[in-house]
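Chains, contacts and geometry: an overview
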Amino acid sequence: MADDKDSLRKLKDLVFLKDQLADLQQRVENEVQAGVGQEGSLLASPFLKGFLAGYVVAKLRSSAVLGFLVGTCSGVYVAQTYAVPNCFTEMVVETARSGYKLVRSAASTVLKKALWGLMLLLSVVIYGSHAPLLTLCKDDGKIPFSASSVVVLIELMKLLLSLVFLLIWDWKQLRVSVSWQHAAPFALSALLYAANNNLVVHMQLFMDPSTYQVLSNLKIGSTALLYSVFLRQRLTARKWVALFLLTAAGVLYTYGGLRDLQRSPASDMELHITPVGLLLISLYCMISGLSAVYTEVVLKTQDLPLNLQNLFLYFFGVLLNVAIHLSSASATGYLEGFSRWVLLVIVSQALNGLIMSVVMKHSSNITRLFVIAASVVVNALLSVLLFSLHLTAFFFFSVLLIGLAVHLYYGVR
């Protein structure tokens, strides 16, 4: 049995060697026809050619040593007469191709990281410019347009942009089988977002706006907690400390602006919050975290193009917000009070909504929280430039805490 196995192995070797020799012969003929001379080959050296011939003969003889010696001597003679394929040139070309692929892959990675960074930076700018833009929209200190109509237009623009991007970038993937089961989960996402937006309005009856701004920073903690539970992401103690610092930064920044308002002679603001207000702010923070985390789970679990998922989400968003707008008894006309600043708000918020869907699909809600926190820098700088506000020590301390939180969460390994 052992002899049979050995014979079979030798037969396989001979077949493999035959194929190699046939390939070698074909390459010799190709180079001869192309006019490649013997001196143009790496194996023009008689010794190296003999070594190759010795390897071939050694495969065919019972004694590898005898085959190597005989093959090398005969190969030296044969190498003086016959040209051998230019293996060196092929090796250089293949190495160059491999190097090009590595360089292209590295360049592609760097480009993707650069685009990702620019996208996050744009989102920071949009978040930070939202409040200053709303201030520029005011007429005699009041918002002249219907807030619900602006929300409808933002959702509608998101829907149209998602459709355009789907047809441009993902039209080849439209062949996938899509059913109502893929779209249904996004109805709950839209409902949660709509409920939270309306809760913000009703909360103002039970607390002052500044108290709301301070306490709304607690949604960072609720989002992180729900993210850890639903996505089964175990956050280390260091990351929890980073998120606590992020919350503290938001509270300090808001508190600094609050103190400035209290010092103003024209201000008659009085801080207050009722027990119902405490309940509502707690509910707001939980719904805010739940809506974001639930949407992230749906986006990541479905094997569908992101633009198609956005199409589902914003379709339900348009339906719900149109119903809310029609049910609200607003004396303001649908497009009454619109200006170029209002249009800029609509376009920027629609674009930011699409960016956040990319972040939740390919990163996480934690990244979104850091983007929102970092936006206070843009908000403060624009307030200084546009409204001549003065930066306080609270601002610089908040920026320090945000930088420390980013370092703890992403920088320390």
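The structure displayed is predicted, hence computed values, not measured ones.

1. Considerations on the overall build of the chain
- Looking only at helices and strands, the chain features 14 helices and 0 strands.
- For the chain, the sequential pattern of α-helices and β-strands runs α-α-α-α-α-α-α-α-α-α-α-α-α-α.
- Within the span of the chain, comprising 413 residues, buried residues form 35% of the whole.
- Taking contacts inside the chain between residues at least 6 apart in sequence as the whole, the part at least 24 apart equals 84%.

2. Thoughts on the pattern of salt bridges
- Inspection of every chain in the model, using the stated rule, returns 2 salt bridges.
- K158 is the partner of E155 in a salt bridge, and the nearest nitrogen-oxygen pair spans 3.3 Å. One end of the pair is E155 and the other is K158, both in helix α5 (residues 147–169) and 3 residues apart, which spans about a single turn.
- Linking K300 and E296 is a salt bridge whose minimum nitrogen-to-oxygen distance equals 2.7 Å. Note that K300 and E296 are positioned in helix α10 (residues 275–301) at a spacing of 4 residues, about one turn of the helix.
- Given a relative accessible area of 36%, K300 falls into the partly exposed group.
- Take E296: its relative accessible area is 0%, and that puts it in the buried class.

3. Quick notes on the packing of helix α12 (residues 340–362) against helix α13 (residues 365–387)
- The geometry of α12 relative to α13 is characterised by a closest axis approach of 8 Å and an angle of 140° between their N-to-C directions. The angle between α12 and α13 falls in the class oblique. Residue-level inspection shows M356, V359 and M360 of α12 in contact with α13, the latter providing N365, T367, R368 and V371.
- Residue composition of the contact of α12 with α13, grouped by class: 4 nonpolar, 2 polar and 1 charged.

4. Observations concerning the environment of S328
- Take S328: it is sitting in the loop between α11 (306–327) and α12.
- Residue S328 is classed as partly exposed on the basis of its relative accessible area of 31%.
- For the pair S328 and S148, spaced 180 residues apart in the sequence, the C-alpha separation amounts to 8.4 Å.

5. Examining the packing of helix α6 (residues 180–203) against α10
- Contact geometry for α6 and α10: axes closest at 9 Å, N-to-C directions at 155°. Judged by the angle between their axes, α6 and α10 are roughly antiparallel. Handedness of the α6/α10 crossing: left-handed.

6. Side note on the nonpolar core
- Among the nonpolar cores identified, the biggest contains 22 residues, and L243, L246, I366, F370 and Y409 are the most heavily contacted of them.
- For this core, the elements supplying multiple residues, two or more each, are α8 (219–230), α9 (237–263), α13 and α14 (393–411).
- A183, F186, L311 and V318 belong to the second-largest nonpolar core, a separate cluster that totals 16 residues.

7. As for the confidence of the model for the chain
- Looking at the chain as a whole, the pLDDT averages 79, with 71% of positions reaching at least 70.
- Within the chain, helix α2 (residues 46–60) has the poorest average pLDDT of any element, 52, and α12 the best, 93.
- In the predicted structure, residues 36–44 sits below a pLDDT of 50 and forms 21 contacts with residues beyond four places in sequence or in another chain.

8. Details of the side chain of S162
- Tracing the backbone through its elements, the reader meets S162 in helix α5.
- The exposure class assigned to S162 is buried, which follows from its relative accessible area of 0%.
- For S162, the side chain forms a polar contact with the main-chain oxygen of K158, separated by 2.8 Å.
- Setting aside chain neighbours within four positions, we find S162 in contact with N307, N310, L311, Y314 and L354.

The rules behind these values
Residues numbered from 1 in each chain as written. Predicted model: local features only at pLDDT ≥ 70, side-chain atom pairs only at ≥ 80, totals over all residues. Heavy atoms only, no water. Helix = DSSP H or I, 4+ residues; strand = E, 2+ residues; numbered from the N terminus. Buried < 20%, exposed > 50% of the residue type's maximum accessible area, 1.4 Å probe, protein only. Contact = heavy atoms within 4.5 Å. Salt bridge = Lys/Arg side-chain N within 4 Å of Asp/Glu carboxyl O. Axes fitted to C-alpha atoms, helices over the stretch in contact; angles between N-to-C directions. Parallel < 35°, antiparallel > 145°, perpendicular 65-115°, else oblique. Nonpolar A, V, L, I, M, F, W, Y, C, P; charged D, E, K, R; others polar. Left-handed = near helix turned anticlockwise from the far one by under 90°. Core = buried A, V, L, I, M, F, W, Y, C linked by side-chain atoms within 4.5 Å. pLDDT = per-residue confidence, 0-100. Polar contact = N/O pair within 3.5 Å; in protein donor to acceptor, adjacent residues only side chain to side chain.

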